[in-house]
Protein chains: 2
Amino acid sequence: MLDPASIKALTFDVFGTVVDWRSSILRDLGEFFAKRKPPIERDWGKFADAWRKKYQPAMERVRSGNRGFVKLDVLHMENLRENLAEFAIPDLSEAEIDHVNRVWHRLDPWPDAVPGMTRLRRRYILASLSNGNVSLMVDMAKRAGIPWDAILGSETARAFKPQPEAYLRAAEMLSLEPAQCLMVAAHNSDLHAAAKCGFRTAFIRRPNEYGKPKKYDLAADAGIDLDCADMNDLADRLGC
Amino acid sequence: MLDPASIKALTFDVFGTVVDWRSSILRDLGEFFAKRKPPIERDWGKFADAWRKKYQPAMERVRSGNRGFVKLDVLHMENLRENLAEFAIPDLSEAEIDHVNRVWHRLDPWPDAVPGMTRLRRRYILASLSNGNVSLMVDMAKRAGIPWDAILGSETARAFKPQPEAYLRAAEMLSLEPAQCLMVAAHNSDLHAAAKCGFRTAFIRRPNEYGKPKKYDLAADAGIDLDCADMNDLADRLGC
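About the cut-offs
- The residue numbers shown here count from 1 along each chain, following its written sequence.
- Each chain is given a letter, starting from A, and each ligand a number, starting from 1, according to the order in which they appear as written.
- For this predicted model, a pLDDT threshold of at least 70 governs which residues receive local features, and a threshold of 80 or more governs which side-chain atom pairs are given and counted, while totals over whole chains, interfaces and linings are taken from all residues.
- Every helix listed is a DSSP run of H or I at least four residues long, and every strand listed is a run of E at least two residues long, numbered separately from the N terminus.
- C-beta atoms are first placed from the backbone for all residues, and any pair lying within 7 Å is then listed as a contact.
- A helix's residues, less one, multiplied by 1.5 Å, set its expected span.
- Each residue is classified by how many other C-beta atoms fall within 10 Å of its C-beta atom, where C-beta atoms are placed from the backbone; a count of 20 or more means buried, 12 or fewer means exposed, and values in between mean partly exposed.
- What makes a nonpolar core is a set of buried Ala, Val, Leu, Ile, Met, Phe, Trp, Tyr and Cys residues, with links drawn between C-beta atoms within 7 Å.
- Criterion used throughout: strands pair if DSSP finds at least two bridges between them.
- The copies were overlaid with a least-squares fit restricted to C-alpha atoms from residues scoring a pLDDT of at least 70 in each copy.
- These domain limits were set by an automatic method or by a database of domain assignments.
- Gly is put with the polar residues, along with every residue not named as nonpolar or charged; the nonpolar set is Ala, Val, Leu, Ile, Met, Phe, Trp, Tyr, Cys and Pro, and the charged set is Asp, Glu, Lys and Arg.
- All axes are obtained by fitting lines to C-alpha atoms, using only the stretch in contact for helices, and the reported angles, taken between N-to-C directions, cover 0 to 180 degrees.
- The labels follow the angle: roughly parallel below 35 degrees, roughly antiparallel above 145, roughly perpendicular from 65 to 115, and oblique for the rest.
- Whether a crossing is left-handed or right-handed is set by the direction in which the near helix is turned from the far one by less than a right angle, anticlockwise for left-handed and clockwise for right-handed.

Asks: Whenever I open this one, the overall build of chain A confuses me. Can you help?
Replies: Scanning chain A from N- to C-terminus turns up eleven helices and six strands. With the principal axes as the frame, chain A shows a C-alpha extent of 55 × 35 × 35 Å. Considering only residue pairs separated by 6 or more positions, chain A has 63% of its internal contacts joining residues 24 or more positions apart.

Laid out in structure tokens, this is it:
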């Protein structure tokens, strides 16, 4: 049983947990390329999926020590250039490519995210614990009204989740024991890694993160402290 | 001339610039020790001054490389123990000493700070660039409603101002050029150090930071971009 009074801070995964990256990219790039002269038509859902698929391998090269730490914006840009070639999207200016890359700064929250987090923030410290870089999180939060108390994660730790340093450094920056931190994520692997570091864990169900029902991560694995329908459900469970 | 459109983020000194540390400590400790059993009476203004006087020398031991980076909470605690001895305050429990040390987490903003910063936040990213640690800044902001977009500074840079790393790492985390950042402080030395790193600079007049009119830092030195009466004046100057 999780005692809500034992928790001081909630640390959040962001992509997929707080924001709906796939629908946001589909909508944003669809509008951008439709208005462009000349317009470009592609399956932007497939484009988003292919871009996201390059995400873990790109971070893995950093995690494994094969390259030094770089911001996620840099990895997104490298992966975007590959994606543009694969989808045969020609002749974008560098300003256009930069605008497209920054779509990750313009993601929309799931409908329950900001209302639920606003309730949670009354009682708890809310910190991002994302592999996104600080400026990405700042831009996203400012645009979408996400009520962070602190932006932590990969760039402040210079380590990508699920490396233990990413979790442990966040707790250390909050001057908290890991057991006083509740990791909130829609991905069991993230929660298992946090739990190994001593964090408590809350799963948020995002069955349509990939646009169609997921084949895994539909519910919390055994050992996860809370299995929540959404952020409002989490706020209910914690008595906020 | 400073073009407000050239600035993307405002980075703030906090102790003395955003919050009135001396009055806050005087009030907080006065109330705490008056209610204590048995109560303890001292000149809490002098106590605050003596505590603050140990601040720069303690950071200097880190800046000079004589000791590794530690959070400001740790330096405050070491200095507090010395102060308690010097003011002959006996027999506090460790919980009481911890509560007293955390008075720096409970500082009140100057009356113009939150209203002015709320206006500034509509147009700019607001980030702390303080020698205070992250949890200190989070606790202070949550209690006082200070509207940060990001908490940066010594702990994220692992360097204390005026070391260049403190400023440069903040700009880097915001993915901005230093010239897109406006350092806001009530201390000319902080602004000169920021300017050397390429930041633009705004002075905020806090003549009573030490309870009585200061002998220096009454106005901006030559070369500082803006000399402001308070945060609302800064918001006016930037057209917010």
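Asks: What is the right way to look at helix α1 (residues 21-35) of chain A in this model?
Replies: Structurally, the α-helix is built with 3.6 residues per turn, so residues lying three or four positions apart point the same way. Residue and element names in this part refer to chain A. The terminal C-alpha atoms of α1 lie 21 Å apart, and with 15 residues this matches the ideal 21 Å at 1.5 Å per residue to within 8%. Buried within α1 are the following residues: W21, R22, I25, L26, D28 and L29. Contacts from the buried residues of α1 go to α2 (44-53) and α5 (94-101).

Asks: What should I look at first to understand the interface of chain A and chain B in this one?
Replies: Much of the literature gives interface size as the accessible area that the parts lose upon coming together. With 15 residues of chain A in contact, the opposing surface of chain B contributes 15 residues. For the side of chain A that touches chain B, the elements supplying multiple residues, two or more each, are α7 (134-144), β3 (150-153) and α8 (154-157) of chain A. The greatest single-element share of the side of chain A that touches chain B, amounting to five residues, is contributed by α7 of chain A.

Asks: Could you clarify how one ought to interpret the nonpolar core in this entry?
Replies: One broad rule of soluble globular proteins: the nonpolar side chains tend to lie buried together. In terms of nonpolar packing, the biggest core is built from 146 residues, with A127, A170 and L174 of chain A together with A127 and A170 of chain B touching the most fellow members. Apart from residues no more than four positions distant in its own chain, A170 of chain B is found in contact with T11, A127, L129, L152, G153 and A157 of chain B.

Asks: Hey, could you run me through the pairing of strand β1 (residues 9-12) of chain A in this one?
Replies: Both faces of the sheet carry side chains from a regular strand, because those side chains alternate between them. Residues and elements named next belong to chain A. The side-chain alternation of β1 yields two buried faces, one formed by A9 and T11 and the other by L10 and F12. As paired elements, β1 and strand β2 (residues 125-130) share four bridges and run parallel to each other. Bridged to F12 within β2 is S128.

Asks: Looking at this structure, I do not really get the relation of the copies chain A and chain B. What am I missing?
Replies: Each of the two chain copies goes to the other by way of a rotation about an axis and a shift along it. Note on the copies: chain A fits chain B at an RMSD of 0.0 Å, the axial shift is 0.0 Å, and the rotation between them is 180°. Here the symmetry operator amounts to a two-fold rotation axis.

Asks: Just to check I follow, could you spell out the domain arrangement of chain A for this structure?
Replies: Residues and elements named next belong to chain A. Along its sequence, chain A is organised into domain 1 (4-20 + 108-237) and domain 2 (21-106). A straight line from the C-alpha centre of domain 1 to that of domain 2 covers 24 Å. Contacts between domain 1 and domain 2 engage 20 residues on the former and 16 residues on the latter. Elements supplying a minimum of two residues to the side of domain 1 that touches domain 2: α7 and α8. Looking at which element gives the most residues to the side of domain 1 that touches domain 2, the answer is α7, with four residues. When grouped by side-chain class, the residues that make up the side of domain 1 that touches domain 2 number six nonpolar, seven polar and seven charged.

Asks: Would you take a moment to explain the sheet that holds strand β2 (residues 125-130) of chain B for this structure?
Replies: Pairing between the strands of a sheet is mediated by backbone hydrogen bonds and can be parallel or antiparallel. Residue and element names in this part refer to chain B. Spatial ordering of the open sheet is given by β3-β2-β1-β4-β5-β6, a layout of six strands whose pairing is parallel. In this open sheet, the two strands that pair with only one neighbour each are β3 (150-153) and β6 (226-228). Sheet twist, expressed as the mean angle between neighbouring strand axes with direction ignored, is 25°. As paired elements, strand β5 (residues 200-204) and β6 share three bridges and run parallel to each other. Across the sheet, the residue bridging to F203 is D227, located in β6.

Asks: Got a minute to help me understand the environment of P109 of chain B in this structure?
Replies: Residue and element names in this part refer to chain B. Inspection of the secondary structure puts P109 in the loop between α5 (94-101) and α6 (113-121). Residue classification places P109 among the buried residues on the basis of 23 C-beta atoms within 10 Å. Taking the C-alpha atoms as reference, P109 lies 13 Å from R27; in sequence the two are 82 residues apart. Filtering out sequence-adjacent residues up to four positions away, P109 remains in contact with V18, V19, V114, A144 and I146.

Asks: How do you make sense of the packing of helix α4 (residues 72-86) of chain B against α5 of chain B when you look at a structure like this?
Replies: All names here are of chain B. At a minimum axis distance of 10 Å, the contact between α4 and α5 shows a crossing angle of 120°. Overall, the two elements α4 and α5 adopt an arrangement that is oblique. Two packed elements cross with a definite hand, and for α4 against α5 that hand is right-handed. Contacts between α4 and α5 involve D73, H76, M77 and L80 from the first element and I97, V100 and N101 from the second. The class makeup of the residues in the contact of α4 with α5 is four nonpolar, two polar and one charged.

Asks: Would you take a moment to explain the sheet that holds β3 of chain A for this structure?
Replies: All names here are of chain A. Within the open sheet, the six strands sit side by side as β3-β2-β1-β4-β5-β6. Their pairing is parallel. At either end of the open sheet lies a strand with only one pairing partner, and these are β3 and β6 (226-228). Recorded for the sheet is a direction-independent mean angle of 25° between the axes of neighbouring strands.

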